[in-house]
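Listed below, chain by chain, are the residues.
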Amino acid sequence: MRGGWSVAAVLAAAVVAVTAPAVAAPRVHTIVMDKMKFGPVPAGIRKGDVILWVNRDMFRHTATARDGSFTIDLPPAKSGRTVVGKAGAIDFYCKFHPGMKGRLVVGK
């Protein structure tokens, strides 16, 4: 075709648009600290997601990654966020109460 798109070019552009992988928006996952323990760790955490840490206890706590990738310091009745920066298993604990611990399992 002169001065316009050929049928093949239009179809090729449509195929590329349909088959391009969708990028999932980051999700927010909540982990609650209460009664001197971390609550359940949500399933389905992916790299780039946000963890919302909520301290419902009457004591100060931290959520500290053993690999040093994050530390959140939370006075009573406060919350904080961290973005998960890598896939894999990330063990975490409270600096003030080492018996408080958990593990994030992060997909790609």
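Worth saying up front: this structure is predicted, and the values here are computed from it rather than measured.

Trainee: Can you help me understand the pattern of salt bridges in this one?
Mentor: Any two side chains of opposite charge can pair, on the condition that their charged atoms come close. By the definition in use, this model includes four salt bridges. The closest approach of N and O atoms between Asp67 and Lys86, which form a salt bridge, is 2.6 Å. With a gap of 19 residues between them, Asp67 in the loop between strand 5 (61-65) and strand 6 (71-74) and Lys86 in the loop between strand 7 (79-83) and strand 8 (88-93) connect regions that are remote in the sequence. Lys86 sits in the partly exposed class, given a relative accessible area of 35%. Of the charged contacts in the structure, one is a salt bridge between Arg103 and Asp91, with a shortest N-O distance of 2.6 Å. With a gap of 12 residues between them, Arg103 in strand 9 (residues 101-107) and Asp91 in strand 8 connect regions that are remote in the sequence. Accessibility expressed as a relative area gives 45% for Arg103, which makes it partly exposed.

Trainee: Explain the sheet that holds strand 6 here, please?
Mentor: The strands that make up a sheet pair up through hydrogen bonds in the backbone, lying either parallel or antiparallel. In space, the five strands of this open sheet follow the order 3-9-8-5-6, with mixed pairing throughout. Lying at the two open borders of the sheet, with one neighbouring strand each, are strand 3 (45-46) and strand 6. Judged from the two bridges that link them, strand 5 and strand 8 form a sheet pairing that is antiparallel. Across the sheet, Ala65 pairs through a bridge with Phe92, a residue of strand 8.

Trainee: Looking at this structure, I do not really get the packing of aromatic side chains. What am I missing?
Mentor: How two aromatic rings sit relative to each other is given by the distance of their centres and the angle of their planes. Evaluation of the coordinates by the stated rule reveals four aromatic pairs. Between Trp53 and Phe70, the ring centres sit 5.8 Å apart and the planes meet at 35°, which makes this aromatic pair tilted. One end of the pair, Trp53, is in strand 4 (residues 50-55); the other, Phe70, is in the loop between strand 5 and strand 6, with 17 residues separating them in the sequence. Among the residues examined, Phe70 registers a relative accessible area of 10% and is labelled buried. Between Trp53 and Phe92, the ring centres sit 5.1 Å apart and the planes meet at 75°, which makes this aromatic pair edge-to-face. One end of the pair, Trp53, is in strand 4; the other, Phe92, is in strand 8, with 39 residues separating them in the sequence. Given the relative accessible area of 0%, Trp53 is considered buried. Among the aromatic residues, ring-to-ring pairing joins Phe38, Trp53, Phe70 and Phe92 into one connected group. A cation over a ring is seen here: Arg66 above Tyr93, with NZ or CZ 4.0 Å from the ring centre.

Definitions and cut-offs
- Residues numbered from 1 in each chain as written.
- Predicted model: local features only at pLDDT ≥ 70, side-chain atom pairs only at ≥ 80, totals over all residues.
- Heavy atoms only, no water.
- Salt bridge = Lys/Arg side-chain N within 4 Å of Asp/Glu carboxyl O.
- Helix = DSSP H or I, 4+ residues; strand = E, 2+ residues; numbered from the N terminus.
- Buried < 20%, exposed > 50% of the residue type's maximum accessible area, 1.4 Å probe, protein only.
- Pairing = 2+ DSSP bridges.
- Phe/Tyr/Trp six-rings, centres within 6.5 Å; stacked < 30°, edge-to-face > 60°.
- Lys NZ or Arg CZ within 6 Å of the ring centre and 35° of its normal.

It is worth stressing that arrangement in space is one thing and function is another; only the former is reported here.
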